[in-house]
Amino acid sequence: VPYLLALDAALAAGDVPAAVDADLRQWLDGPNRPADAVDATVRARVREMTAQSYAAADGEGLPEFDGPPAAEHLTEIRVPVLIILGEYEGPDMRRIADRLEVLVADARQVTIPGAGHLANMEQPAAFNAVVLEFLATPEVHLTDAEEWDR
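Given the structure is predicted, the values throughout are model-derived calculations rather than measurements.

Draft legend 1. Structural detail: the side chain of Arg 43. Looking at where Arg 43 falls in the secondary structure, it is placed in helix H3 (residues 40–57). On the accessibility criterion, Arg 43 (16% relative accessible area) is buried. Of the polar contacts made by the side chain of Arg 43, one reaches the side chain of Asp 29; its length is 2.7 Å. In contact with Arg 43, not counting residues within four places along its chain, are Leu 24, Leu 28, Asp 29, Ala 35 and Val 38.

Structural data, given as structure tokens:
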């Protein structure tokens, strides 16, 4: 909630740099890691990407979605799912990952040490190793015919 309050206040004031700072604290640092513990190059790149996303949105807000909530369909997923968390993820992301792992029949959760929400940017070698291992498992390579028979 403090993140959303800070983000809402910054956006209401038209203060994009403050909104970007709130996003960096939430998604890059996480709740248990000081900002200076994040690689400065990664921090600068994420700052730039986040600022660009706010500029691209140009005050339009989030797009509307007309479909049913995806959460209602998680038990219908019939393919392997890899859930990747960073060690410094906040409790909300951990709860979401735990829920996915329970509701998706063939899901597995992996935590990348030394990373927050952007594990692919902070620990690219570890991230890539986890993804490549997952993609190498036979279950990930089912043909359409095999999938329908499951």
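Continuing now.
Draft legend 2. Looking closely at the environment of Gln 52. Considering the arrangement of structural elements, one finds Gln 52 in helix H3. For the pair Gln 52 and Val 20, spaced 32 residues apart in the sequence, the C-alpha separation amounts to 9.9 Å.

Draft legend 3. Quick look at the pairing of strand E2 (residues 107–112). Here strand E1 (residues 81–86) pairs with E2 via 6 bridges, running parallel. Paired with Val 81 across the two strands is Ala 107, which belongs to E2. Assessed by its sense of winding, the connection that carries the chain from E1 through helix H4 (residues 91–103) to E2 is right-handed.

Draft legend 4. Seen up close, the packing of helix H2 (residues 16–29) against H3. Remark: H2 packs on H3, axes separated minimally by 10 Å, with the N-to-C direction vectors making an angle of 130°. Taken together, H2 and H3 sit at an angle that is classed as oblique. Judged by the twist between their axes, the crossing of H2 over H3 is right-handed. Note on element contacts: H3 touches H2 through Val 42, Arg 43, Val 46, Arg 47, Thr 50, Ala 51 and Tyr 54, opposite Val 16, Ala 19, Val 20, Asp 21, Asp 23, Leu 24, Leu 28 and Asp 29. Residues that form the contact of H2 with H3 fall into these classes: 9 nonpolar, 1 polar and 5 charged.

Draft legend 5. Quick look at the packing of aromatic side chains. The final tally for this structure, using the stated rule, is 1 aromatic pair. Ring geometry for Tyr 3 versus Trp 27: centroids 6.0 Å apart, planes at 80°, classification edge-to-face. Here the residue Tyr 3 occupies a position in helix H1 (residues 2–12), and Trp 27 occupies one in helix H2, the gap between them amounting to 24 residues. Judged by its relative accessible area of 28%, Trp 27 falls in the partly exposed class.

Draft legend 6. Just H3, in detail. Taking 1.5 Å as the rise per residue, H3 with 18 residues should run 26 Å; its terminal C-alpha atoms sit 26 Å apart, in good agreement. Taken together, the buried positions of H3 are occupied by Val 42, Arg 43, Val 46 and Thr 50. On an axial view of H3, the arc spanned by its buried residues comes to 95°, and they lie on one face. Relative to its buried face, H3 has exposed residues pointing more than 90 degrees away, namely Ala 40, Thr 41, Ala 55 and Ala 56. If you follow the buried residues of H3, they end up packed against H2 and helix H5 (119–122). N-cap assignment for H3: the residue whose side-chain oxygen lies 2.9 Å from the backbone N of Thr 41 is Asp 39.

Calculation rules
Residues numbered from 1 in each chain as written. Predicted model: local features only at pLDDT ≥ 70, side-chain atom pairs only at ≥ 80, totals over all residues. Heavy atoms only, no water. Helix = DSSP H or I, 4+ residues; strand = E, 2+ residues; numbered from the N terminus. Buried < 20%, exposed > 50% of the residue type's maximum accessible area, 1.4 Å probe, protein only. Polar contact = N/O pair within 3.5 Å; in protein donor to acceptor, adjacent residues only side chain to side chain. Contact = heavy atoms within 4.5 Å. Pairing = 2+ DSSP bridges. Right-handed = clockwise from strand over helix to strand, strands pointing away. Axes fitted to C-alpha atoms, helices over the stretch in contact; angles between N-to-C directions. Parallel < 35°, antiparallel > 145°, perpendicular 65-115°, else oblique. Left-handed = near helix turned anticlockwise from the far one by under 90°. Nonpolar A, V, L, I, M, F, W, Y, C, P; charged D, E, K, R; others polar. Phe/Tyr/Trp six-rings, centres within 6.5 Å; stacked < 30°, edge-to-face > 60°. Expected span 1.5 Å × (residues − 1). Arc of directions from axis to C-beta.

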